[in-house]
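Survey of secondary and tertiary structure
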Amino acid sequence: MIQRMRIGPGEKPRIAARDPRDDLGLRDKARAHARLEELKARIEVLQQRLYAEARHSVLLVLQGLDASGKDGVVRSVFAGVNPQGCRVASFKAPTSTELAHDYLWRVHAVLPARGEIGIFNRSHYEDVVAVRMLELAPERVWRRRPGHIVAWERMLADEGTSIVKVFLNVSKDEQRRRLQERVDDPEKRWKFRRDDLAVRARFDEYLAAYEDVIEQTSSEHAPWHVVPADRNWVKATAVAGLLVDALERVDPKLPEPESGIEGLRIE
Ligand code: AMP
Ligand code: MG
C-alpha cells in the first residue's frame, strides 16, 4: 500500500495521472475501518514508547487543496491518541510578525519535541506553492526554496525527526461536492471563503505547482506520498498506515526500569 503512494527522490509524482478514487487494495469501507482501528491501536502503543524514550520525534506533513480532507485526517487518525505527546500546527497566511522573519522561522518554532508526534496541517510547502500561485514573492525567491527545504529537512532527520509528507489528492469533482456541502450546511459554512473559488478556478495550475515541488523535495529522509483523497476511509487508513510505518522505523524502546523493581510488593 505504501509503495503505491511513495514518490522516490527525483521521481515525477504524476499527480494528474493518479486516481483520487483508488482504494489502495482496501476494497471496501468496512474492511478499511477495521484496518484503521488496528492501525490506531498500534499508533497508541508506539506513541507511548516514543514519548517514554523521548529521543526521536515524528512529523506528519499534510498538504492538499481546499476540501482535500486535511482536518478530517487529523480527526480520524488521531482521535483516541494521547494528546499529551501530540502537537498539531495549522498554517495560515503569515502574520506581519512572521513575515518579518525568514519563512522557516514560524515553522521551526512549532516542530515536535523529542518524544512527540507533530502534525502539520499545511506547512512550509505553502511558502513555495501559495507564494508562487498568489505571486507573493518574485519567482527567484520561491524557486530557491525547495533547495533550502531539502537541506533543512535533512538536518531535522539527522537530529532525530522522522518526516512523512502527504499530499491529499482530491479530484476536482469531489472538491466541488465538498465545497457545495460547506455552503449548504450551516455547521460547515464558516469554513467556506469566496477566495476558495479563485483557487478552485486554477485547480490544474495548483496541481502543476505541487507536481514541481514534490518532485524537487521528495528525499530518502523526507519522502512524499500522494494519497488518494476522494474517499475518506481510504485516506484515513492510508495516512494511519504511513504513520505506523514511520513509527516502526523509529522503533522506540521503553527506558530500562531501575534494577530490582520486578516482583516488588507495594505495602
Ligand atoms: P485553511 O487551511 O482553509 O484554514 O486556509 C489557510 C490559508 O492560508 C490557505 O489559503 C493557505 O494557502 C494560506 N497559507 C498558509 N500558509 C501560507 C503562506 N506561507 N503563504 C501564503 N499563504 C499561506
Ligand atoms: Mg479553507
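For the protein chain, an unreviewed UniProt entry supplies the name Polyphosphate:nucleotide phosphotransferase, PPK2 family and the organism Gaiella occulta.

Remarks on the side chain of serine 123
In this structure, serine 123 sits in the loop between strand E4 (117-121) and helix H6 (126-133). Within polar-contact distance, the side chain of serine 123 engages the side chain of glutamine 63 at 2.6 Å. The residues touching serine 123, leaving out its near neighbours within four places in the chain, are Val61, Gln63 and Phe91.

Regarding the sheet that holds strand E6 (residues 224-228)
With mixed pairing, the six strands of this open sheet are ordered in space as E1-E6-E5-E2-E4-E3. Lying at the two open borders of the sheet, with one neighbouring strand each, are strand E1 (6-7) and strand E3 (86-90). Relative to E4, E3 is paired through five bridges, and the arrangement is parallel. Each residue of the ladder has a partner; that of valine 88, found in E4, is isoleucine 119. Sitting on the sheet, helix H11 (residues 232-250) touches E1, strand E2 (57-64), E4, strand E5 (161-169) and E6, and the angle it makes with E5 is about 165 degrees.

Some remarks on the layout of surface pockets
There is about 270 Å³ of room inside the second largest pocket. As for the second largest pocket, its lining consists of 17 residues, of which Arg6, Ile163, Glu220, Pro223 and Arg249 are closest to the centre. When residues of the lining of the second largest pocket are traced back to their parent elements, those giving at least two are E1, E5 and H11. No other element matches the five residues that H11 contributes to the lining of the second largest pocket. Class assignment of the residues belonging to the lining of the second largest pocket gives a composition of eight nonpolar, five polar and four charged.

What to know about the UniProt feature "domain: Polyphosphate kinase-2-related" (unreviewed entry) in the protein chain
With numbering matched to this structure, UniProt assigns "domain: Polyphosphate kinase-2-related" (unreviewed entry) to residues 28-251. Helix and strand shares over residues 28-251 are 55% and 14% respectively, and the end C-alpha atoms of the span are 30 Å apart.

A word on the site of ligand 1
As a matter of local geometry, ligand 1 sits amid Phe91, Lys92, Ala93, Pro94, Arg106, Arg122, Glu126, Asp127, Ala130, Leu136 and Arg193. A distance of 3.2 Å separates an oxygen atom of ligand 1 from a polar backbone atom of alanine 93. Note that a nitrogen atom of ligand 1 is positioned 2.8 Å from one of the side-chain N or O atoms of aspartate 127. Relative to its unbound accessible area of 500 Å², ligand 1 is 80% covered by the protein chains. Considered class by class, the residues forming the shell around ligand 1 number five nonpolar, no polar and six charged.

Here we look at the nonpolar core
If you look at the biggest cluster of nonpolar residues, it comprises 39 residues, and the most contacted ones within it are Ile43, Val77, Phe78, Val166, Leu243 and Leu247. Looking at this core, the elements with two or more residues in it are helix H1 (2-5), helix H2 (29-53), E2, helix H3 (70-78), E4, E5 and H11. Here this core takes twelve residues from H11, the largest share from any one element. If sequence neighbours within four positions are ignored, valine 166 has contacts with Leu60, Val61, Leu62, Gln63, Trp224, His225, Val227, Val239 and Leu242. The next biggest cluster of nonpolar side chains, apart from the first, holds 31 residues, and it includes Ile15, Phe120, Ile163 and Phe167.

Conventions used here
- Residues numbered from 1 in each chain as written.
- Chains lettered and ligands numbered in written order.
- Predicted model: local features only at pLDDT ≥ 70, side-chain atom pairs only at ≥ 80, totals over all residues.
- Heavy atoms only, no water.
- Helix = DSSP H or I, 4+ residues; strand = E, 2+ residues; numbered from the N terminus.
- Polar contact = N/O pair within 3.5 Å; in protein donor to acceptor, adjacent residues only side chain to side chain.
- Contact = heavy atoms within 4.5 Å.
- Pairing = 2+ DSSP bridges.
- Axes fitted to C-alpha atoms, helices over the stretch in contact; angles between N-to-C directions.
- 1 Å grid on protein atoms, 1.4 Å probe; cavity = no way out; pocket = protein on both sides within 12 Å on 5 of 7 lines; lining within 4 Å.
- Points joined across faces, edges and corners; volume = space filled by probe spheres on them.
- Nonpolar A, V, L, I, M, F, W, Y, C, P; charged D, E, K, R; others polar.
- UniProt positions renumbered as here; feature names shortened; annotations may be inferred.
- Near = heavy atom within 4 Å.
- Areas by Shrake-Rupley, 256 points an atom, 1.4 Å probe, with all protein chains shown as cover.
- Core = buried A, V, L, I, M, F, W, Y, C linked by side-chain atoms within 4.5 Å.
- Buried < 20%, exposed > 50% of the residue type's maximum accessible area, 1.4 Å probe, protein only.

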